Amino acid sequence: GESVGLHLPTLSVQEGDNSIINCAYSNSASDYFIWYKQESGKGPQFIIDIRSNMDKRQGQRVTVLLNKTVKHLSLQIAATQPGDSAVYFCAERGRNTGFQKLVFGTGTRLLVSP
Amino acid sequence: ETGVTQTPRHLVMGMTNKKSLKCEQHLGHNAMYWYKQSAKKPLELMFVYNFKEQTENNSVPSRFSPECPNSSHLFLHLHTLQPEDSALYLCASRDNRNTGELFFGEGSRLTVL
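Residues numbered from 1 in each chain as written. Chains lettered and ligands numbered in written order. Predicted model: local features only at pLDDT ≥ 70, side-chain atom pairs only at ≥ 80, totals over all residues. Heavy atoms only, no water.

**Side note on the pattern of salt bridges**
Right, so step 1: Overall, the coordinates contain 6 salt bridges over all chains when judged by the stated rule.
Right, so step 2: Residue Asp-31 of chain A is joined to Arg-93 of chain A by a salt bridge in which the shortest nitrogen-to-oxygen separation is 3.2 Å. Taken as a pair, Asp-31 of chain A in strand E4 (residues 30-38) and Arg-93 of chain A in strand E9 (residues 86-94) lie far apart in primary sequence, 62 residues in all. Residues Asp-31 of chain A and Arg-93 of chain A agree in their burial class; the two are buried.
Right, so step 3: The salt bridge partner of Glu-44 of chain B is Lys-41 of chain B, with a shortest N-O separation of 3.6 Å.
Right, so step 4: The exposure class of Glu-44 of chain B is partly exposed, given its relative accessible area of 29%.
Right, so step 5: Owing to a relative accessible area of 42%, Lys-41 of chain B belongs among the partly exposed residues under this scheme. (Salt bridge = Lys/Arg side-chain N within 4 Å of Asp/Glu carboxyl O. Helix = DSSP H or I, 4+ residues; strand = E, 2+ residues; numbered from the N terminus. Buried < 20%, exposed > 50% of the residue type's maximum accessible area, 1.4 Å probe, protein only.)

See below:
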């Protein structure tokens, strides 16, 4: 069955370091992936997305890498700041599930210490 | 401010109560969603509405009853809930002409006693 999972439930980094959050997926038919950030007491916020015809996409301080061979997705945050502390979710959409059905992972908590 | 507003932010109810959660979006989107978020579990899709029509009911118990009177408003009516229904209920909206990005509200934290 489909599953989206995260390797580490908690990631602790020092301010200024680069952070890498990983995500594994099992549906080889997935064609779209998205990362969300959820701060305490708030709803998830869109960070960046990537289609399966790409292997890398960059945003402001963030980069998403997609390795379809091993069905692995990662989010890299450059120069991590205390404001980046949050739970990060990956989500995938299978090509056969329609645009509206994103499958979410359980989330990784990123803790940034000064 | 995401453009999706949920009320109330916190709700405590007994198992015999009837209450409703409200969601309003100001983004001009045509699809609205209810998700359930429980501790240490992935976000669970509950209902999807496209152009006010329900297009997805993810095997949700009938004690949860959604209502979508127009493309901007979505309700979740709650009746005879169980303590295990305690969770954060998230509303989201989306322009279904685009890819997959959902815009979430800040959620309604529900506690069932």
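From this point on, the discussion continues.
**Some words on the pairing of strand E9 (residues 87-94) of chain B**
All names here are of chain B.
Right, so step 1: Here E9 lies mainly inside the structure; 8 of its 8 residues are buried.
Right, so step 2: Across 3 bridges, E9 lies against strand E11 (residues 108-112) in antiparallel orientation. Of the residues in E11, the one forming a bridge with Tyr-89 is Ser-108.
Right, so step 3: Bridge count between E9 and strand E10 (residues 103-104): 2 bridges; the pairing is antiparallel. Pairing of Ala-92 across the sheet is with Phe-104, part of E10. (Pairing = 2+ DSSP bridges.)

**Side note on the interface of chain A and chain B**
Right, so step 1: On the chain B side, the residues contacting the 20 residues of chain A number 24 residues.
Right, so step 2: Overall, the association of chain A and chain B removes approximately 1,700 Å² of surface from exposure, summing both partners, and the carbon and sulfur fraction of that is 55%.
Right, so step 3: At the junction of chain A with chain B, the criterion picks out 0 salt bridges.
Right, so step 4: At the junction of chain A and chain B, the tally comes to 3 residue pairs in polar contact (both at pLDDT 80 or more).
Right, so step 5: Among the secondary structure elements, those contributing two or more residues to the side of chain A that touches chain B are E4, strand E5 (45-51) and E9 of chain A.
Right, so step 6: Looking at the side of chain A that touches chain B element by element, the count peaks at 4 residues for E4 of chain A. (Contact = heavy atoms within 4.5 Å. Buried area = accessible area lost by both parts, 1.4 Å probe. Polar contact = N/O pair within 3.5 Å; in protein donor to acceptor, adjacent residues only side chain to side chain.)

These figures come from the coordinates and say nothing about function on their own.
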